[in-house]
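Notes for the structure review
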Amino acid sequence: AKPTHTDSPGPIPTVIPTPPQFQEIGETGHRTLWVVFALMVLSSGFFAFMSWNIPISKRLYHVITTLITITASLSYFAMASGHATSFSCTPAKDHHKHVPDVGYTECRQVFWGRYVDWAITTPLLLLDLSLLAGIDGAHTLMAVIADVIMVLSGLFASQGETATQRWGWYAIGCVSYLFVIWHVALHGARTVTAKGRGVTRLFSSLALFTFVLWTAYPIVWGIADGAHRTTVDTEILIYAVLDILAKPVFGLWLLFSHRSLAETNVDVGGWWSHG
Ligand code: RET
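Here's what I pulled together on the structure shown here. (Residues numbered from 1 in each chain as written. Predicted model: local features only at pLDDT ≥ 70, side-chain atom pairs only at ≥ 80, totals over all residues. Heavy atoms only, no water.)

**Looking at the overall build of the protein**
Regarding its fold elements, the protein presents seven helices and three strands. Tracing the protein from N to C terminus, the helices and strands come up as β-α-α-β-β-α-α-α-α-α. In terms of C-alpha radius of gyration, the protein reaches 24 Å, well past the compact-globule figure of 19 Å for 275 residues. Overall, the protein is about 95 × 35 × 35 Å in size when its C-alpha atoms are taken along their principal axes. The buried share of the protein, taken over its 275 residues, is 43%. Of all intrachain contacts in the protein linking residues separated by at least 6 positions in sequence, the fraction that spans at least 24 positions is 80%. As presented, the protein carries roughly 14800 Å² of accessible surface, and 70% of it is formed by carbon and sulfur atoms. Within the protein, one finds 16 positive and 17 negative side-chain charges whose respective centroids are separated by 8 Å. (Helix = DSSP H or I, 4+ residues; strand = E, 2+ residues; numbered from the N terminus. Rg over C-alpha atoms; globule rule 2.2 N^0.38 Å. Buried < 20%, exposed > 50% of the residue type's maximum accessible area, 1.4 Å probe, protein only. Contact = heavy atoms within 4.5 Å. Areas by Shrake-Rupley, 256 points an atom, 1.4 Å probe, with all protein chains shown as cover. Lys, Arg positive; Asp, Glu negative; His and termini not counted. Charge placed at Lys NZ, Arg CZ, Asp CG, Glu CD.)

In structure tokens form, the structure reads like this:
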């Protein structure tokens, strides 16, 4: 029947839905992103400067390491200027027991620019370590592919809407990470001994430093992006410290050691340089 003006509009809803809760960047996070951008630019300049008097044939680590901080500069510029970010919304439960379980949506700011950065820089960091340890192309390639799968899994996890999507991808990422450690740290520990005591000692310290640092990333991800237990600014601060240690500090350590330890040289054949 045709509705008339006397029709009731229906029952008045007894539960008013809670509006989405937003978790987003604040002043501290914003400033931190700009500071890290500046540090990455300075490091890139410094690494390029360090390679000035080095013959091309001995510049492979310099080139790789400078590319790592250049890539980080670009991604930090994007994030600091407000790009490379989106909101990931997930259903959140209402924790008050006496209120019916209405649930609401929780939207957290995610910087997907990080994953683009990591997809480029973590393979390059592994390449530095693999060349240092004298790991063959086959194992290096497997490590790099496992690493890219790890980072892309993290990206998919961060965009997931259901717990299955988010934690499923996270688990896939963690398994890939185990492959990376296996191919680079364990395999490298065997191959590096052929390069003598000095390189073995350097590789052991650098690989330990790397994998302790890298393991912090999935832990931070689980607490911040997975469980939403920290603010977006705290997450930015923690990743900032980790990124500075994993890129500029790692780079300084590697390039200064390479300068004083001739056995770190890699023979990559005539394609890289003619002498
Ligand atoms: C994710 C989530 C999925 C599971 C794992 C992760 C590991 C990330 C790592 C990142 C390293 C980044 C570095 C950046 C350089 O500055 C993607 C967080 C295992 C290991 C070293």
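Here the narrative resumes.
**Looking at the packing of helix 1 (residues 27–50) against helix 2 (residues 60–80)**
Contact geometry for helix 1 and helix 2: axes closest at 8 Å, N-to-C directions at 155°. Taken together, the axes of helix 1 and helix 2 are roughly antiparallel relative to one another. Between helix 1 and helix 2 lies a crossing whose hand is left-handed. The residues of helix 2 that touch helix 1, namely those facing His30, Leu33, Trp34, Val36, Phe37, Met40, Val41, Ser43, Ser44, Phe47, Ala48 and Met50, are His62, Thr65, Thr66, Thr69, Ile70, Ala72, Ser73, Tyr76, Phe77, Met79 and Ala80. Of the residues contributing to the contact of helix 1 with helix 2, the split by class is 15 nonpolar, eight polar and no charged. (Axes fitted to C-alpha atoms, helices over the stretch in contact; angles between N-to-C directions. Parallel < 35°, antiparallel > 145°, perpendicular 65-115°, else oblique. Left-handed = near helix turned anticlockwise from the far one by under 90°. Nonpolar A, V, L, I, M, F, W, Y, C, P; charged D, E, K, R; others polar.)

**Concerning a nonpolar patch on the surface**
Judged by side-chain polarity, Leu141, Ile145, Ile149, Leu152, Phe156, Trp169 and Ile172 come together as a nonpolar surface patch covering roughly 610 Å² of accessible area. Counting residues per element, the ones that place at least two in the nonpolar patch are helix 4 (137–159) and helix 5 (163–191). Considering every element that reaches the nonpolar patch, the biggest residue donor is helix 4, with five residues. You can see Ile149 is positioned in helix 4. Taking relative accessible area as the criterion, Ile149 reaches 43% and is therefore assigned partly exposed. (Patch = residues over 30% accessible without salt bridge, like charges linked within 9 Å, V, L, I, M, F, W, Y side chains within 5 Å. Salt bridge = Lys/Arg side-chain N within 4 Å of Asp/Glu carboxyl O.)

**Details of helix 7 (residues 232–260)**
Helix length check: helix 7 (29 residues) gives 42 Å between terminal C-alpha atoms against 42 Å at 1.5 Å per residue, within 8%. A bend of about 30° at Val249 is the largest found in helix 7. (Expected span 1.5 Å × (residues − 1). Bend = angle between axes of the 7 residues up to and from the residue.)

**Details of the side chain of Thr210**
Looking at the element boundaries, Thr210 is found in helix 6 (residues 197–226). At a separation of 2.7 Å, a polar atom in the side chain of Thr210 contacts the main-chain carbonyl oxygen of Leu206. (Polar contact = N/O pair within 3.5 Å; in protein donor to acceptor, adjacent residues only side chain to side chain.)

**Re the sheet that holds strand 3 (residues 104–110)**
Here we have three strands laid out as an open sheet, ordered 1-3-2, and mixed in their pairing. Two strands in the sheet have a free side with no partner beyond their single neighbour: strand 1 (21–23) and strand 2 (86–92). Taken pair by pair, the neighbouring strands of this sheet meet at an average axis angle of 20°, ignoring direction. Sheet analysis places strand 1 next to strand 3, joined by three bridges and oriented parallel. (Pairing = 2+ DSSP bridges.)

**As for the site of the ligand**
Near the ligand there are 15 residues, and of these Met150, Trp214, Tyr217, Asp243 and Lys247 occur at the shortest range. Asp243 is positioned such that a nitrogen or oxygen atom in its side chain is 3.4 Å from an oxygen atom of the ligand. Compared with its free state, where it exposes 540 Å², the ligand has 100% of that area covered by protein. At a threshold of 2 Å from the grid points, most atoms of the ligand map onto the largest cavity. Of the residues that constitute the shell around the ligand, the class distribution is ten nonpolar, three polar and two charged. (Near = heavy atom within 4 Å. 1 Å grid on protein atoms, 1.4 Å probe; cavity = no way out; pocket = protein on both sides within 12 Å on 5 of 7 lines; lining within 4 Å. Sits in = over half its atoms within 2 Å of the grid points.)

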